[in-house]
Amino acid sequence: MKTVPRLAVLGSGKGSNFVALQQAILAGKFDAAIVLVVSDLIGAGILAHAQGFGLPTATLSPSPFRTKLSPEGEASLVDLLHEYAADWVILAGYMRVVKAPLLDAFPNRIINIHPSLLPAFKGLRAWEQALAAGAAETGCTVHFVNREVDGGEIIAQQRVPILPGDTPESLHARIQMAEHELYPAALAKVLARSPSPP
Ligand code: GAR
């Protein structure tokens, strides 16, 4: 039987990037299997989407911190990812900073999508930052995750214009359309050059 890269997807939100990835896999755009979808938020939309595709899901125990998991919480996440034999960790709207337990367990194997043209507008609600800065364009970036928040090696980017009259909602919606094209294409590129763990 052909072995394909095993992806675990982590998300905190509505899950539209996860859906784009799973649809691309089902359409045969790249060889991979999503083996687990994890959220840090009970009731996150991404979990319902995953269940709709018949994929296993898990919800993390509440963290005492808003922006990260506790070291113990992240260590149990690592155990869970190993239990499902995940090769890659794919962040799709996961809103916690990834720390040492996960980084050390999956070196160069954690990928994120961020809603700006990094290094511009790191951090939260990047589309609002772009609007507030009066930028003429923004976009989205797929990158490796390392210790520096939104600072890892860039894999691919897509530009998105900012139009007169844009609101945060209209701009984020346009960025998300770009994300749904960029993420599957960028993952296909990474997996083609490094399909299985070293
Ligand atoms: C996406 O726009 C993603 O780029 C962003 O959250 C949204 C999740 O949407 N991620 C970040 O801001 C990470 N810093 P989704 O749940 O519909 O995929």
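Residues numbered from 1 in each chain as written. Predicted model: local features only at pLDDT ≥ 70, side-chain atom pairs only at ≥ 80, totals over all residues. Heavy atoms only, no water.

Trainee: I'd like to hear about the site of the ligand, residue by residue, with values.
Mentor: Gly-15, Ser-16, Asn-17, His-172 and Glu-179 are the nearest of the 13 residues found near the ligand. In the model, an oxygen atom of the ligand is placed 3.0 Å from a nitrogen or oxygen of the Gln-176 side chain. Notes on the ligand: free accessible area 440 Å², of which the protein chains cover 92%. A majority-of-atoms criterion places the ligand in the largest pocket. For the shell around the ligand, the secondary structure elements donating two or more residues are helix 1 (16-26), strand 5 (110-114) and helix 6 (168-193). If one sorts the elements of the shell around the ligand by residue count, helix 6 sits on top with three residues. Residues that form the shell around the ligand fall into these classes: three nonpolar, eight polar and two charged. (Near = heavy atom within 4 Å. Polar contact = N/O pair within 3.5 Å; in protein donor to acceptor, adjacent residues only side chain to side chain. Areas by Shrake-Rupley, 256 points an atom, 1.4 Å probe, with all protein chains shown as cover. 1 Å grid on protein atoms, 1.4 Å probe; cavity = no way out; pocket = protein on both sides within 12 Å on 5 of 7 lines; lining within 4 Å. Sits in = over half its atoms within 2 Å of the grid points. Helix = DSSP H or I, 4+ residues; strand = E, 2+ residues; numbered from the N terminus. Nonpolar A, V, L, I, M, F, W, Y, C, P; charged D, E, K, R; others polar.)

Trainee: Could you give an account of the pattern of salt bridges, naming the residues involved and the relevant values?
Mentor: Here the structure, examined in full by the defined rule, presents six salt bridges. The salt bridge partner of Arg-159 is Glu-137, with a shortest N-O separation of 2.7 Å. Here Glu-137 lies in strand 6 (residues 137-144) and Arg-159 lies in strand 7 (residues 154-161), a separation of 22 residues in the sequence. What makes Arg-159 exposed here is its relative accessible area of 60%. (Salt bridge = Lys/Arg side-chain N within 4 Å of Asp/Glu carboxyl O. Buried < 20%, exposed > 50% of the residue type's maximum accessible area, 1.4 Å probe, protein only.)

Trainee: Residue-level account of the pairing of strand 2 (residues 33-39), with values.
Mentor: By the criterion of burial, strand 2 is predominantly enclosed, with six of the seven residues buried. With six bridges joining them, strand 1 (residues 6-11) and strand 2 adopt parallel strand pairing. For Gly-11, the partnering residue across the bridge sits in strand 2 and is Ser-39. Crossover connection from strand 1 via helix 1 to parallel strand 2: handedness right-handed. Pairing geometry for strand 2 and strand 3 (residues 57-59), over three bridges, is parallel. Bridged to Ser-39 within strand 3 is Thr-59. Tracing the backbone out of strand 2, into helix 2 (residues 45-52) and back to the parallel element strand 3 gives a crossover that is right-handed. (Pairing = 2+ DSSP bridges. Right-handed = clockwise from strand over helix to strand, strands pointing away.)

Trainee: So what's going on with the sheet that holds strand 3? Residues and values would help.
Mentor: Across the sheet, which stays open at both edges, the seven strands sit in the order 3-2-1-4-5-6-7 with mixed pairing between neighbours. Strands with a single pairing partner mark the edges of an open sheet, and in this sheet they are strand 3 and strand 7. For this sheet, the mean angle separating the axes of adjacent strands, direction not counted, is 20 degrees. In the sheet, strand 4 (residues 88-91) pairs with strand 5 via three bridges, with the strands oriented parallel. From the neighbouring strand, Val-89 faces strand 5, where its bridge partner is Ile-110. Most of the contacts of helix 6 go to strand 7, to which it runs at about 155 degrees, and overall it touches strand 1, strand 4, strand 5, strand 6 and strand 7. (Axes fitted to C-alpha atoms, helices over the stretch in contact; angles between N-to-C directions. Contact = heavy atoms within 4.5 Å.)

Trainee: Tell me about unusual backbone geometry, and please be specific about residues and values.
Mentor: Of note, the amide linkage connecting Leu-118 to Pro-119 takes the cis form, showing an omega dihedral of 15 degrees. Take Pro-119: it is sitting in the loop between strand 5 and helix 5 (126-132). One non-glycine residue, Arg-125, lies in the positive phi region at around 45 degrees. Secondary-structure assignment places Arg-125 in the loop between strand 5 and helix 5.

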